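The residues making up each chain are set out below.
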Amino acid sequence: MYQELSTQTAEEILQEASEDPGVLITYLQGVLPTALSFCVRLVIAVVILLVGMKIIKSVVKVIEKSMRRRNVEPGVLSFLCSLIKYSLYFVLIMLLLGGFGITTGSVVAVLGSAGLTLGLALQGSLTNFAGGVLLLLLKPFKVGDYIITDAGGKEGTVSDITIFYTKVNTIDNKVIMIPNGALSNSTITNVSQMETRRLDLLVGVAYDSDLSKVKAVLAEIAKRDEAVLREEPVDVYVSNLADSAVEMGLRVWVKNEDYWTAKWRITEQIKKEFDENGISIPFPQMDIHTKME
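Residues numbered from 1 in each chain as written. Predicted model: local features only at pLDDT ≥ 70, side-chain atom pairs only at ≥ 80, totals over all residues. Heavy atoms only, no water.

1. Quick notes on the layout of surface pockets
Next up, step 1: Its boundaries defined by the atoms lining it, the largest pocket holds a volume of some 290 Å³.
Next up, step 2: The wall of the largest pocket is formed by Tyr146, Ile148, Glu155, Ile171, Val191, Ser192, Arg197, Asn256, Glu257, Trp260 and Thr261.
Next up, step 3: Counting only elements with at least two residues in the lining of the largest pocket, the list comes to strand S1 (146–149) and helix H10 (259–276). (1 Å grid on protein atoms, 1.4 Å probe; cavity = no way out; pocket = protein on both sides within 12 Å on 5 of 7 lines; lining within 4 Å. Points joined across faces, edges and corners; volume = space filled by probe spheres on them. Helix = DSSP H or I, 4+ residues; strand = E, 2+ residues; numbered from the N terminus.)

2. Considerations on the pairing of strand S3 (residues 165–169)
Next up, step 1: Alternating residues of S3 divide into Thr166 and Val168, all buried, and Tyr165, Lys167 and Asn169, none buried.
Next up, step 2: Where strand S2 (residues 155–161) and S3 come together, four bridges link them in antiparallel fashion. The residue bridging Ile161 from the neighbouring strand is Thr166, located in S3.
Next up, step 3: Once S2 ends, the chain turns through three residues before running back antiparallel as S3.
Next up, step 4: Here S3 pairs with strand S4 (residues 175–179) via five bridges, running antiparallel. Looking at the pairing, Lys167 lines up with Met177 of S4. (Buried < 20%, exposed > 50% of the residue type's maximum accessible area, 1.4 Å probe, protein only. Pairing = 2+ DSSP bridges.)

3. Thoughts on helix H9 (residues 211–224)
Next up, step 1: Compared with an ideal rise of 1.5 Å per residue, which puts 14 residues at 20 Å, H9 spans 20 Å between its outermost C-alpha atoms and is within 8% of the ideal.
Next up, step 2: Those residues of H9 lying buried are Val214, Val217, Leu218, Ile221 and Ala222. The buried residues of H9 all sit within an arc of 135° when viewed along its axis, so they share a single face. In H9, the exposed positions angled more than 90 degrees off the buried face are occupied by Ser212 and Lys223. (Expected span 1.5 Å × (residues − 1). Arc of directions from axis to C-beta.)

4. Here we look at a nonpolar patch on the surface
Next up, step 1: A grouping of Phe38, Leu42, Val46, Leu49, Leu50 and Met53 is seen on the molecular surface, where their side chains present a nonpolar patch of about 510 Å² in accessible area.
Next up, step 2: Here Met53 lies in helix H3 (residues 21–69). (Patch = residues over 30% accessible without salt bridge, like charges linked within 9 Å, V, L, I, M, F, W, Y side chains within 5 Å. Areas by Shrake-Rupley, 256 points an atom, 1.4 Å probe, with all protein chains shown as cover. Salt bridge = Lys/Arg side-chain N within 4 Å of Asp/Glu carboxyl O.)

5. Some remarks on the packing of aromatic side chains
Next up, step 1: By the definition in use, this model includes three aromatic pairs.
Next up, step 2: Ring centres 6.4 Å apart and planes at 50° place the aromatic pair Tyr86 and Phe164 in the tilted group. In this pair, Tyr86 sits in helix H4 (residues 74–99) while Phe164 sits in the loop between S2 and S3, placing the two residues 78 residues apart along the sequence.
Next up, step 3: The interplanar angle of 35° and the centroid separation of 5.9 Å between the aromatic rings of Trp260 and Trp264 together place this pair among those described as tilted. Of this pair, Trp260 and Trp264 are both found in helix H10, four residues apart, which corresponds to roughly one turn of the helix.
Next up, step 4: Clustering of aromatic rings is evident, with ring pairs tying together Tyr259, Trp260 and Trp264. (Phe/Tyr/Trp six-rings, centres within 6.5 Å; stacked < 30°, edge-to-face > 60°.)

6. Quick notes on the sheet that holds S3
Next up, step 1: Strand order in the open sheet made by the five strands is S4-S3-S2-S1-S5, with antiparallel pairing throughout. Two strands close off the open sheet at either side, each with one partner strand: S4 and strand S5 (188–190). Going across the sheet, the axis of each strand differs from the next one's by a mean of 40°, ignoring polarity. (Axes fitted to C-alpha atoms, helices over the stretch in contact; angles between N-to-C directions.)

7. Things to note about the packing of H9 against H10
How two helices pack is summed up by the angle between their axes together with the distance between the axes.
Next up, step 1: Direction vectors running N to C along H9 and H10 enclose 140°, while the axes themselves pass 10 Å from each other. The angle between H9 and H10 falls in the class oblique. As H9 packs across H10, the resulting crossing turns out to be right-handed. Side by side, H9 and H10 meet where Val214, Val217, Leu218, Ile221 and Arg224 of the first sit next to Ile266, Gln269, Ile270, Glu273 and Phe274 of the second.
Next up, step 2: Of the residues contributing to the contact of H9 with H10, the split by class is seven nonpolar, one polar and two charged. (Parallel < 35°, antiparallel > 145°, perpendicular 65-115°, else oblique. Left-handed = near helix turned anticlockwise from the far one by under 90°. Contact = heavy atoms within 4.5 Å. Nonpolar A, V, L, I, M, F, W, Y, C, P; charged D, E, K, R; others polar.)

8. What to know about the sheet that holds strand S6 (residues 196–205)
Strand pairing in a sheet relies on backbone hydrogen bonds, with the paired strands running either antiparallel or parallel.
Next up, step 1: In space, the three strands of this open sheet follow the order S6-S8-S7, with antiparallel pairing throughout. One side of each edge strand has no neighbouring strand; the edge strands of this open sheet are S6 and strand S7 (235–241). Taking the axes of each pair of neighbouring strands and ignoring which way they run, one obtains an average angle of 30° across the sheet.
Next up, step 2: Where S6 meets strand S8 (residues 246–255), ten bridges bridge the pair, whose relative direction is antiparallel. The partner of Leu202 across the bridge, within S8, is Gly249.
Next up, step 3: Relative to S6, H10 is tilted by about 25°, and along the sheet it contacts S6 and S8.

9. Comments concerning the pattern of salt bridges
Next up, step 1: As enumerated under the stated definition, the model contains eleven salt bridges in all.
Next up, step 2: A salt bridge links Lys174 to Asp172; its shortest N-O distance comes to 3.7 Å.
Next up, step 3: Note on Lys174: relative accessible area 51%, which makes it exposed.
Next up, step 4: With a shortest N-O distance of 3.7 Å, Glu220 and Arg224 are connected by a salt bridge. Of the two residues, Glu220 and Arg224 both sit in helix H9, four residues apart, roughly one turn of that helix.
Next up, step 5: Residues joined in a network through salt bridges with shared partners are Arg198, Asp200 and Arg251.

In short, geometric facts, not functional conclusions.
This is the structure we're talking about:
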């Protein structure tokens, strides 16, 4: 009786109900239990979703604290926490679907039949995920390193590594999200990996300058600067004979964290010392001759 009524249109039911009110009562008696059952399942699903989200959040926090106590590298920690979180959300969704009578096998069958479409749609995400795994395995950098990459010419300090993106903070306090797929396939320069870094400076002097005096001044500047490492060699040399200047090179070693301050300070000191010693630094000039008629 219920199956026959369920196939009737709303117009037919209303017409029959006007003739015989018992038909409408019979129809509602068949539909109400199903509707009430669906509403109850929906309410239970919402409750399970809210409780499950809190449980997942707590579980991720516990795992994160446990790995921090074991001194797990921050990049690996961030990646694993993201992976665990999304995996638990997937399990939660499967449980919710099961509450509505949708089995895991049915979901897998649907995903299998739509595999090509999903594969094309998620191609970028899967590439980024695989790139994140490669970055964690090969470890070209870690959280806190300053990197330079040819993936769009981006550079900055790595602040977080997730399963899809790597977060980089630039020196002017901008946040850049670089896809892991692009990052794993690009050339990465890790500036922070080594403790020391070589500082190369080039300065041009006039052709009539006393090169021995220029070398002595540059060597003395390097000797006095507190950031220059004494155990490493200091090189002062003629780098190039340019069109309008002799290019002199100064090569010293400093600690990684002292690189930029040392570079700026030594460059300023070179200008001051050259002025005091009468060493001129050529610059492009144009001579204009006027002819009077």
